Amino acid sequence: MLRDAPISVSVVVPVYSGEVYLPVLVEHLEMVRADWRVRSAPMDLSEVIFVDDAAVDGSPAVLDRLAKEHNWITVIHMMRNFGQHAATIAGILHSSGDWVVTMDEDLQHPPAEIENLLKQAVLGGADIVYGRSVGAVHEVRSRDWTSKGFKRLMVFLTGNTSIAYFTSFRLLRGSLARAASSVCAYETYFDVALSWFTESVQFCSLELKDQRFIKGGRSGYSFGRLLTHARRLLISSQVKSVRLFGLFGLVVVAASAIGGVSLLVEKIFSPESISIQGWTSLMLLLLLFGGIITCMVSLALEYLSTLILAANGKPIFFAVDRSIDGPLFKYFSSDAT
Amino acid sequence: MILIFRQDKSTVCECQAIALFGVGLVGGAIVRALLRHGGTTFSELPLDWRDASQRAVDLSCLTGTLLCQLNGMRIRRLDVIWAAGKAGFGAGREELALEIGAFKEVLEWTRESSRLLLSTKLIFHMLSSAGGLFEGQRFVDRSSRPQPRRAYGEAKMEQEELVKSLRRHMDGHIYRPSSIYGFSGKAGRSGLINTLIKNAKSRSVSRIFGGLDTVRDYVLVTDIAEFIARRIIQAETHSQTFILASGRTASVTEIIQITRRVIGTPLYLRLDPQPSNASHITFRPSALPEDWRPIDLETGIRLVVRELSGSFETGAKRFGSGSLARQRGV
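Residues numbered from 1 in each chain as written. Chains lettered and ligands numbered in written order. Predicted model: local features only at pLDDT ≥ 70, side-chain atom pairs only at ≥ 80, totals over all residues. Heavy atoms only, no water.

**Observations regarding the pairing of strand β1 (residues 7-15) of chain A**
All names here are of chain A.
- The buried count for β1 comes to nine of nine residues, which makes it a mostly enclosed element.
- Burial along β1 is two-sided: the face carrying Ile7, Val9, Val11, Val13 and Val15 and the face carrying Ser8, Ser10, Val12 and Pro14 are both buried.
- For the segment spanning β1, helix α1 (residues 22-38) and strand β2 (residues 43-52), crossover handedness is right-handed.
- Bridge analysis of β1 against strand β4 (residues 99-102) gives four bridges, and the strand direction is parallel. By the bridge assignment, Ser10 is partnered in β4 with Val100. (Buried < 20%, exposed > 50% of the residue type's maximum accessible area, 1.4 Å probe, protein only. Helix = DSSP H or I, 4+ residues; strand = E, 2+ residues; numbered from the N terminus. Right-handed = clockwise from strand over helix to strand, strands pointing away. Pairing = 2+ DSSP bridges.)

Dropping the structure here:
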């Protein structure tokens, strides 16, 4: 395929209440854009897509003004509040870049770090790089622990180890981002959809701070939203615990079968040793049928899970062209030496 | 070709004539858009696209028809629309040379008409191709320069230059639509979306010439037709070049997903291992005209599916070229 130069980077920012932060964010993005151009870097910050998710403050007007001032800014106004994931997906589906960066509106994710994410992706051969905080994001221990604990629980329940990295500051290969966004259904968790396409996921340790929470004590996450996230994560993932449930049923069936055989042997060779008649065989029968029912239920759940994943758009295959990384690899390699 | 007359509401002795060359996907949609705006009569006239000598005869017949129509009525304005083009994206130079030859003859006929109809204002409208001109370019805006990569794009650029030279004598509008989709009846070339829909309905295999991650910009034909029809109807005009894109990128994967979702049946696909049409082409929203409001992609695909389903029921007779051949008054 003929390549278009330079490598283009699209930035997608969902906006809900960022009136105060947006002009500064655009300023920072413009600095990155200008810096890359001055340095004649092989990448270009080609577009920034703001998705106004029915913002509750004056963000829409601020965004429209910024879009008039900069032709590389695109604004999409959502008809109602669809949520951060839907807004991110809408933004990605409007993007054209070879790489897509998603970030929050509130300066929690510094635009200057985009280059580090890109470097990590290219040198590490990754399709997705999550920006992971090295310190406390919220500077409130309970809040940070809740976040970490929630992710660990989800990793245990789903078996998807990438969940530990999930943050909204991500760098995605453009083709992957658009493909995953296009298969996402209403309840699909976007990051889980991404993991259907690639296993080349890495993280980049960054100093991230939730300024909105630190300064104002306001957070976009409540306990209710955390539960919603958990539900969507579980629905989108193949739940590992269902298989454990099935395995448990099989063990019970096997135990009851062994118990049944030993009881039969005992009944034939030393019937006088059985003092109470019928009780043990009743328990073994209960165990046998309980185990069989458990197995059947887990099998039905497995079928259901497969159907839900198919409905959620899990692909059979997806091809990737990583040859576009060549100029960036050369650039970052020489930079590293 | 089709000759259309629009009766002015203000006066009975004046009318507007519209000569439309090429009644394919876009041309047919323009006729329907003009009909929707009312006060229109139209008739189909022969025009031989293969034989140049016959075409010259046909064009002089067209002049005759125009002059006969005068019959005490003044043609206030004549809009000539070039929406023809059998040669597709992958066409060779020979095929395109024939098309450019026909285009030059129509331009010459337009110049002659301006000499014959002295009191008539002439406006030329040309359908170009944003895809052909900007193939391989992303984030195309008003300052982007066309850099065609194949003969098709070069031909479109040559045609545009000819229209620009015409602008010294009359207004000349150039429309550069991106990838067009829409209901085209039975005949004509078919783009990705149309092919996917038609093949899904007939349970046939669709061959994909682009990569699954190829990003393009799709516009519904009725949006384009409506935009051009507005330019034809509005009184005041000045020469302009319009990029008619949606400003909304869509990958081939997304198109397949939407079509599959809308139709509700499996799509049988055959992917080219070495896709011949895989260059990205996207446009910035700032490049688009201010009064241009393209429809949302999924809604557009739903409309096409509905029209196609309707045509299956009615045998596609109503929308086919046969209907345009009949004299019709509204």
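**Here we look at the packing of aromatic side chains**
- With the rule as written, the count across this model stands at 15 aromatic pairs over all chains.
- An aromatic cluster is present here, built from B:Trp49, B:Trp82, B:Phe103 and B:Phe124 joined pairwise through their rings.
- Over the aromatic face of A:Phe203 sits the side chain of A:Arg132, whose NZ or CZ is 3.6 Å from the ring centroid.
- The lysine or arginine in question, B:Arg231, covers the ring of B:Phe227, its NZ or CZ lying 4.1 Å from the ring centre. (Phe/Tyr/Trp six-rings, centres within 6.5 Å; stacked < 30°, edge-to-face > 60°. Lys NZ or Arg CZ within 6 Å of the ring centre and 35° of its normal.)

**Let's talk about the nonpolar core**
- Grouped together as the largest cluster of nonpolar side chains are 61 residues, with contacts concentrated most on B:Leu297 and B:Ile301.
- Apart from the residues within four sequence positions on either side, B:Leu297 is in contact with B:Tyr181, B:Ile193, B:Tyr218, B:Ala250, B:Ile255 and B:Ile258.
- Ranked by size, the runner-up nonpolar core spans 40 residues in total, among them A:Trp72, A:Leu117, A:Val122 and A:Ala126. (Core = buried A, V, L, I, M, F, W, Y, C linked by side-chain atoms within 4.5 Å. Contact = heavy atoms within 4.5 Å.)

**Notes on the interface of chain B and chain A**
- If you look at the interface, chain B gives 22 residues, while chain A gives 24 residues.
- Both sides together, the interface formed by chain B and chain A hides about 2000 Å², and carbon and sulfur atoms give 53% of it.
- At the junction of chain B with chain A, the criterion picks out one salt bridge.
- A salt bridge links B:Arg138 to A:Asp98, with the nearest nitrogen and oxygen atoms 3.1 Å apart.
- Our count for the chain B to chain A interface comes out at nine residue pairs in polar contact (both at pLDDT 80 or more).
- At the level of elements, β11 (249-251) and α8 (252-263) of chain B are the ones that each hand at least two residues to the side of chain B that touches chain A. (Buried area = accessible area lost by both parts, 1.4 Å probe. Salt bridge = Lys/Arg side-chain N within 4 Å of Asp/Glu carboxyl O. Polar contact = N/O pair within 3.5 Å; in protein donor to acceptor, adjacent residues only side chain to side chain.)

**A few points about the pairing of strand β8 (residues 205-208) of chain B**
All names here are of chain B.
- Alternating residues of β8 divide into Ser206 and Ile208, all buried, and Val205 and Arg207, none buried.
- Pairing of β8 with strand β12 (residues 268-271), which is carried by four bridges, proceeds in the parallel orientation. In the sheet register, Ile208 faces β12, and the bridge partner there is Leu271.

**Remarks on the side chain of B:Thr282**
- Tracing the backbone through its elements, the reader meets B:Thr282 in the loop between β12 and α9 (297-314).
- What B:Thr282 contacts, discounting residues up to four positions off in sequence, is A:Ser96, B:Gln137, B:Arg138, B:Phe139, B:Val140, B:Val215 and B:Thr249.

**Side note on the sheet that holds β11(B)**
Residues and elements named next belong to chain B.
- If you trace the three strands from one edge of the open sheet to the other, you get β7-β9-β11, paired in mixed fashion. The open sheet has two edge strands, β7 (179-181) and β11, and neither has a second partner. Ignoring strand direction, the axes of neighbouring strands in this sheet form an average angle of 55 degrees.
- Here strand β9 (residues 215-220) pairs with β11 via three bridges, running antiparallel. By the bridge assignment, Arg216 is partnered in β11 with Ala250. (Axes fitted to C-alpha atoms, helices over the stretch in contact; angles between N-to-C directions.)

**Some thoughts on the sheet that holds β2(A)**
Residues and elements named next belong to chain A.
- One open sheet holds the seven strands; their spatial order is β3-β2-β1-β4-β6-β5-β7, and the pairing between them is mixed. Here the strands that pair on one side only, and so sit at the sheet edges, are β3 (73-77) and β7 (201-206). Averaged over all pairs of adjacent strands, the angle between their axes in this sheet comes to 20 degrees, without regard to strand direction.
- Where strand β5 (residues 128-133) and β7 come together, six bridges link them in parallel fashion. Paired with Tyr130 across the strands is Phe203, a residue of β7.
- Lying on the sheet, helix α3 (residues 84-93) is in contact with β1, β2, β3, β4 and β6 (170-173); it crosses β1 at an angle near 150 degrees.
- Each of β4, β5 and β6 touches helix α6 (residues 174-183); the most contacted strand, β6, lies at about 95 degrees to it.

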